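Coordinates in review
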Amino acid sequence: MTLEKNNNFNLLVLGRVLTNFGDSVYSITLMYIAVSIYNLDVSSLALFGLVSFLPSMISFLFGSFIDTFNNKKMLLVLLECIHFFTLTGVLITVYYQFDYTVLLILHGVFSFANTIIYPTQSSFVPEILHNDKEEMSKSVYIMNITNNITDLSSNLIASVILIYISTTNILVLDVFVFLLSILFFLRISNKNITKNNKKAQSEELKTGVKFSFQYFWSQKVPSKIVIMEGILSGLTTMIMRIVSIYLVVINVGVEFLGVLLAFQRGSEMLGTLISSKIKMVYKNFFMVDYLVSGIAIIMIVFVDNVLFKLVLFSITFLLIGMSGTVYGKMIYAYYEPQHMAKISTVISTISSVAIVTCMAIPMVYDDIEHLLLITGLITVLFGCYLLVFDKNSAHPQKKVLSKSA
C-alpha cells in the first residue's frame, strides 16, 4: 500500500499538522500573555524557556516506555487530551488572572506532552507502514513539508490574529484545534498495523533504559552526526536569539528583523522542497553541508555588503532545510523500527542539552561577530572530520547488541 492510499498514515499526518499548528499558535500567544498581561521580567521569561526544554532533556527516560506501549494510537490520543486540558487550564488562568505560577505549571505539563508526542509518532510510523524502509523514507519528506508549511502559516496567522482578536478567543480557537487533532487520531484503525512493541518489550525486559544509549551508539555514523547536529542546532538557536543585536552592529536596524526571518523561513522551505532529490550517501551529504554552510557563516562576518550577507545567510538555511529530510531518512535507515522511540528521545535529549548550554553562552560572552565566527569554524571542523573519518562506514549496517549488554 502506497502512502497516498494509506488512510492511517494520512490521518496521522493530519493530526500531526493540527498538533504543530496548535503548538505554534500556543507558543506565540503564551509569549504575548507573559509580556503584555503578566508583565514578566527577563528572568521570568527565561524560566518559561527552561521549563519548555526540561522535558526534552530527560525524554530518554521515556523512549523504552513508548516503544513497548501496546496501543500507540491511544497513547497519541492521551497526549492530545493532556494538550487539550492544559490549554483549557491556561485559558481559565488568563481569563481569571490567576497567579503566573499556575501558568508556569500548566506550561510545564503542556511541554511534557509535546515532548512525548513526537517520538510516539516516530515510533508509530513504522507500524503504520509495516516496517517498509522505502515508505518510511518517503514519509520523512512528507512530514517535513507539512511541518514547514504549518510553521510558516501558523506563525503568520497567530501574529495577525493577535492584532484583531483577544488572547482568550485565540486560546479558545486553539483548544478546538487540539480537539480536532484528537478526533483525527481516534479515526486511526488498529487494523492493518504491524505491532513492533512485543519484540521491543522482550528486549527491554533484559536491557532496561541503558539500552537506549547503547543501541544509539552502536551505529557510529548516525550517532556522530546526531551529536554534531545537536551542537550546531544549539549554536544556531543561540545566534537566532541574538541576531537582532547583529543587525544593530552592522547598522541595518532591528526593524529589518522580520525581513531576515522571512528569508530564513523561505530558504528552509525551499531546502525542504528540493531535499527529495538528494541521493548522496548520508555521511557525504552532511560533510558537504557542514563545509559549505560553515564557510558561508564565516564569510558573513568578513563581507561588508549587506545583500551578500543576506545571500550567505539564505544559503545556510537552505542547507538546514535540506538536511532535515536527509537526517530523518538516515535515522530510519540505520535503526530498527521497534527502537525508534528510544532513538528519538535520545536525540531529543542530546539536542536540548546542547541548546540550553549554547543559550547560556551569551550570558558570559556577548560579542555577536565572534560568536558567528566560532559557529562557522566549528561547522567547518565537523565537515572536515566527516571527510576523513571511517570511510568504510558510509552505508547503513545492521548491528545487534547482546541482550545482556
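Structure's up top.
Residues numbered from 1 in each chain as written. Predicted model: local features only at pLDDT ≥ 70, side-chain atom pairs only at ≥ 80, totals over all residues. Heavy atoms only, no water.

Attention now goes to the packing of helix 1 (residues 7-37) against helix 5 (residues 100-128). The contact between helix 1 and helix 5 brings their axes to 12 Å, and the two run at 160 degrees. Taken together, the axis directions place helix 1 and helix 5 in an arrangement best described as roughly antiparallel. Taken as a pair, helix 1 and helix 5 cross one another with a handedness that is left-handed. In contact with Asn8, Phe9, Leu12, Arg16, Thr19, Asn20, Asp23, Tyr26, Leu30 and Ile33 of helix 1, helix 5 contributes Leu103, His107, Phe110, Asn114, Ile117, Tyr118, Gln121, Phe124, Val125 and Ile128. Looking at the contact of helix 1 with helix 5 residue by residue, the classes come out as 12 nonpolar, six polar and two charged. (Axes fitted to C-alpha atoms, helices over the stretch in contact; angles between N-to-C directions. Helix = DSSP H or I, 4+ residues; strand = E, 2+ residues; numbered from the N terminus. Parallel < 35°, antiparallel > 145°, perpendicular 65-115°, else oblique. Left-handed = near helix turned anticlockwise from the far one by under 90°. Contact = heavy atoms within 4.5 Å. Nonpolar A, V, L, I, M, F, W, Y, C, P; charged D, E, K, R; others polar.)

A few words on the environment of Ile300. Position of Ile300 among the secondary structure elements: in helix 13 (residues 282-302). Once the C-alpha coordinates of Ile300 and Val140 are considered, the two residues, 160 residues apart in sequence, prove to be 31 Å apart. The residues contacting Ile300, other than those within four sequence positions of it, are Tyr246, Lys309, Leu312, Phe313 and Leu372.

Quick look at the packing of aromatic side chains now. The full count for this structure, using the stated rule, is 19 aromatic pairs. On the numbers, 4.8 Å between centres and 50 degrees between planes, the contact of Phe313 with Phe317 is tilted. On the criterion of helical spacing, the pair formed by Phe313 and Phe317 is a turn pair, its members being four residues apart in helix 14 (residues 306-334). Each member of the pair, Phe313 together with Phe317, is buried. An aromatic cluster is present here, built from Phe211, Tyr215, Phe216, Trp217 and Tyr335 joined pairwise through their rings. (Phe/Tyr/Trp six-rings, centres within 6.5 Å; stacked < 30°, edge-to-face > 60°. Buried < 20%, exposed > 50% of the residue type's maximum accessible area, 1.4 Å probe, protein only.)

Grouped together as the largest cluster of nonpolar side chains are 108 residues, with contacts concentrated most on Leu12 and Phe286. By residue number, the principal contributor to this core is helix 14, which donates 12 residues. (Core = buried A, V, L, I, M, F, W, Y, C linked by side-chain atoms within 4.5 Å.)

Summed over the entire model, instances satisfying the criterion amount to one cavity of 30 Å³ or more. Lining the largest cavity are Asn148, Asp151, Leu152, Arg265 and Glu268. Within the residue set of the lining of the largest cavity, elements represented by two or more residues are helix 6 (133-164) and helix 12 (257-274). Per-element tally for the lining of the largest cavity: the top contributor is helix 6, with three residues. (1 Å grid on protein atoms, 1.4 Å probe; cavity = no way out; pocket = protein on both sides within 12 Å on 5 of 7 lines; lining within 4 Å. Points joined across faces, edges and corners; volume = space filled by probe spheres on them.)

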